[in-house]
Amino acid sequence: MQQDTLLIAGRQLTTSPQLTANESPDAETVIIDTGCANLNSVRFAFERLGAKVLVTDDKAKIKAAKRVVLPGVGTAGAAMASLHEKGLVELIQGLTQPVLGVCLGMQMLAAISKERGGKGQDCECLGIIPTDICELDTQLLKAEGLPLPHIGWNQLKLTTKSQGANSPSVHPLFAGIEDGSYVYFVHSYRAPLSEFTLAECSYGEGFSAAIGKGNFMGVQFHPEKSAAVGAQILRNFLLMDEALMNNALQSNSADGQSGVKKADQ
């Protein structure tokens, strides 16, 4: 009986009947059932922090959540096809509460992914954060004797760039995280460094370990597999709501304008 329970708990959650036991009527955090991700590890990571979470593709429940998680495993094309099939693309694009994309979920927040998955054209993503997803530079990796994909622990370099404005502090998602902290990566594609980079990493080249714009943020690494550092990042996300994000954005915008004025003087 115990073995059956473990097998059920470890199975990929894809349909509503399987999710019934995971539903918390008063859950404030919703994990979108993308239909192509193993959602258990993300859900368990939040539950270890005492959070009540709901895994669902129900539009009304996603829209009503205080915060939303967009997970992803596999290829961008398959993940986006699933979101289109479930009618979730426009819904996600219109969310105003904090939204956290994890791994492929982060990449889906971008405009385009070069991960074609055997198709003849690039994959159009959600278009929320204006950056493109490309494969890690194989020539640079080869020159340094590094394998593809990038798998394992690597260090974060936190940036004060957020939403294009110079902020005096790091993004709230990384509150309490020390520069140089290690997190766990598994990926072959990446977002380049840009004004939307919240944290950097280096593997043959520099790339965005986290990106953000407005109430949307994403991490390329797996916080659910990143021990205490990952737990702190998820804990920070659980403290976020729409009002907090709005205040942070207004503060960053004011600081950026102040910096411009000082520079002009």
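See above for the structure.
The following refers to the structure shown.

Definitions and limits used
- Residues numbered from 1 in each chain as written.
- Predicted model: local features only at pLDDT ≥ 70, side-chain atom pairs only at ≥ 80, totals over all residues.
- Heavy atoms only, no water.
- Buried < 20%, exposed > 50% of the residue type's maximum accessible area, 1.4 Å probe, protein only.
- Helix = DSSP H or I, 4+ residues; strand = E, 2+ residues; numbered from the N terminus.
- Salt bridge = Lys/Arg side-chain N within 4 Å of Asp/Glu carboxyl O.
- Pairing = 2+ DSSP bridges.
- Contact = heavy atoms within 4.5 Å.
- Axes fitted to C-alpha atoms, helices over the stretch in contact; angles between N-to-C directions.

**Notes on helix α3 (residues 40-48)**
Those residues of α3 not exposed but buried are Asn 40, Val 42, Arg 43, Ala 45 and Phe 46. At the C-terminal side of α3, Gly 50 shows a positive phi close to 85 degrees.

**Quick notes on the pattern of salt bridges**
Under the defined criterion, the tally for this structure stands at five salt bridges. Between Glu 47 and Arg 43 there is a salt bridge whose closest N-O contact spans 3.0 Å. Here Arg 43 and Glu 47 lie together in helix α3, a separation of four residues that amounts to about one turn. Overall, Glu 47 belongs to the partly exposed group, its relative accessible area being 34%. On the basis of relative accessibility, which here comes to 7%, the residue Arg 43 falls in the buried class. Residues Asp 122 and Lys 114 are paired through a salt bridge, measuring 2.9 Å at the closest nitrogen-oxygen approach. For Asp 122, a relative accessible area of 24% puts it in the partly exposed group. Classification of Lys 114 by relative accessible area gives partly exposed; the value is 37%.

**Topic: the sheet that holds strand β4 (residues 99-102)**
Spatial strand order, β2-β1-β3-β4-β16-β15-β14-β9: eight strands in an open sheet with mixed pairing. Looking at which strands have only one partner, the edges of the open sheet turn out to be β2 (53-56) and β9 (157-158). Note that strand β14 (residues 197-202) and strand β15 (residues 206-213) share five bridges and pair antiparallel. Looking across to β15, one finds that Ser 202 is bridged to Gly 206. Together, β1 (29-32), β3 (67-70), β4 and β16 (216-219) form the strand contacts of helix α9 (residues 227-238), whose direction differs from that of β3 by roughly 140 degrees.

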